[in-house]
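Examination of the molecular architecture
Spelled out from the first residue to the last, the chains are:
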Amino acid sequence: QVQLVESGGGLVQPGGSLRLSCRSSGFTFSTYRMSWYRQAPQAPGKERELVARISSRGIINYADSVKGRSTISRDNGEKVVYLQMNSLKPEDTAVYYCNAYRSDFREYDYWGQGTQVTVSS
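Fair warning: this is a prediction, and the values are worked out from it, not measured in the lab. (Residues numbered from 1 in each chain as written. Predicted model: local features only at pLDDT ≥ 70, side-chain atom pairs only at ≥ 80, totals over all residues. Heavy atoms only, no water.)

Side note on the pattern of salt bridges
In total, this model carries five salt bridges according to the counting rule given. The partner of Arg38 in a salt bridge is Asp92, with the nearest N and O atoms 3.0 Å apart. On the criterion of sequence distance, the pair formed by Arg38 in strand 4 (residues 33-39) and Asp92 in the loop between strand 8 (80-85) and strand 9 (94-103) is long-range, its members being 54 residues apart. Across the pair Lys67 and Asp64 runs a salt bridge, and its minimum N-O distance is 3.2 Å. Taking the relative accessible area as the measure of exposure, Asp64 reaches 66% and is therefore exposed. (Salt bridge = Lys/Arg side-chain N within 4 Å of Asp/Glu carboxyl O. Helix = DSSP H or I, 4+ residues; strand = E, 2+ residues; numbered from the N terminus. Buried < 20%, exposed > 50% of the residue type's maximum accessible area, 1.4 Å probe, protein only.)

Overview of the nonpolar core
In this structure, Met34, Trp36, Val81, Leu83, Met85 and Tyr96 are the most contacted members of the largest nonpolar core, which totals 27 residues. Elements with a contribution of two residues or more to this core: strand 3 (18-25), strand 4, strand 5 (49-54), strand 8, strand 9 and strand 11 (115-119). Setting aside residues up to four positions removed in sequence, Leu83 forms contacts with Leu18, Arg19, Leu20, Trp36, Val51, Ala52, Ser70, Thr71, Ile72 and Tyr96. (Core = buried A, V, L, I, M, F, W, Y, C linked by side-chain atoms within 4.5 Å. Contact = heavy atoms within 4.5 Å.)

Here we look at the packing of aromatic side chains
Per the stated rule, a full pass over the model turns up six aromatic pairs. Pairing Tyr32 with Tyr108 gives two aromatic rings, centres 6.3 Å apart and planes at 70 degrees, and the pair type is edge-to-face. Placement of the pair is Tyr32 in the loop between strand 3 and strand 4 and Tyr108 in strand 10 (residues 107-111), with a sequence separation of 76 residues. For Tyr32, a relative accessible area of 3% translates into the label buried. These aromatic residues form a ring-pair network of at least three members: Phe27, Phe29, Tyr32, Tyr108 and Tyr110. Directly above the aromatic system of Tyr82 lies the positively charged group of Arg19, at a separation of 3.8 Å from the ring centroid. Seen from the ring of Tyr97, Arg48 lies directly overhead, with NZ or CZ sitting 3.6 Å from the centre. (Phe/Tyr/Trp six-rings, centres within 6.5 Å; stacked < 30°, edge-to-face > 60°. Lys NZ or Arg CZ within 6 Å of the ring centre and 35° of its normal.)

Brief notes about the sheet that holds strand 7 (residues 70-75)
Taken together, the four strands give an open sheet; going across it, the order is 1-3-8-7, and neighbouring strands pair in antiparallel fashion. The sheet is open, and its two edges are formed by strand 1 (3-7) and strand 7, each paired on a single side. Averaged over all pairs of adjacent strands, the angle between their axes in this sheet comes to 15 degrees, without regard to strand direction. With five bridges joining them, strand 1 and strand 3 adopt antiparallel strand pairing. (Pairing = 2+ DSSP bridges. Axes fitted to C-alpha atoms, helices over the stretch in contact; angles between N-to-C directions.)

Some remarks on the environment of Phe105
Tracing the backbone through its elements, the reader meets Phe105 in the loop between strand 9 and strand 10. Each C-alpha atom of the pair Phe105 and Gln39 lies 30 Å from the other, and the pair is 66 residues apart in sequence.

Focus on the environment of Val2
Inspection of the secondary structure assignment puts Val2 in the segment before strand 1. By relative accessible area, which is 30% here, Val2 ends up partly exposed. Separated by 95 residues in the primary sequence, Val2 and Tyr97 place their C-alpha atoms 15 Å from one another. Those residues in contact with Val2, other than ones at most four positions away along the chain, are Ser25, Gly26, Phe27 and Tyr110.

Right, here's the structure in full:
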């Protein structure tokens, strides 16, 4: 049974930091591209926005909106992907989702339940 469990969200003041974690089980973690997406509360009908992703080979991409303020990393031994977010802004407020994706002869696409991040004074 595939599970992605996010944690580390919460309420933080502007300029603060948070470290999100996504613990995984039920699939071969090291072979998957792991990503963080977010969905802002004022955009429930819009697609989730890609925040950052790290491939199975360690290739990393960031959204322009978080570049320079966020760091994604993965621990294949512990099957965890992290998102360190610094200098948080109110516009970073969203539900953050962990995603695991792999494509070979078929697609494998798994999502966590999300963790709320609220940036407010």
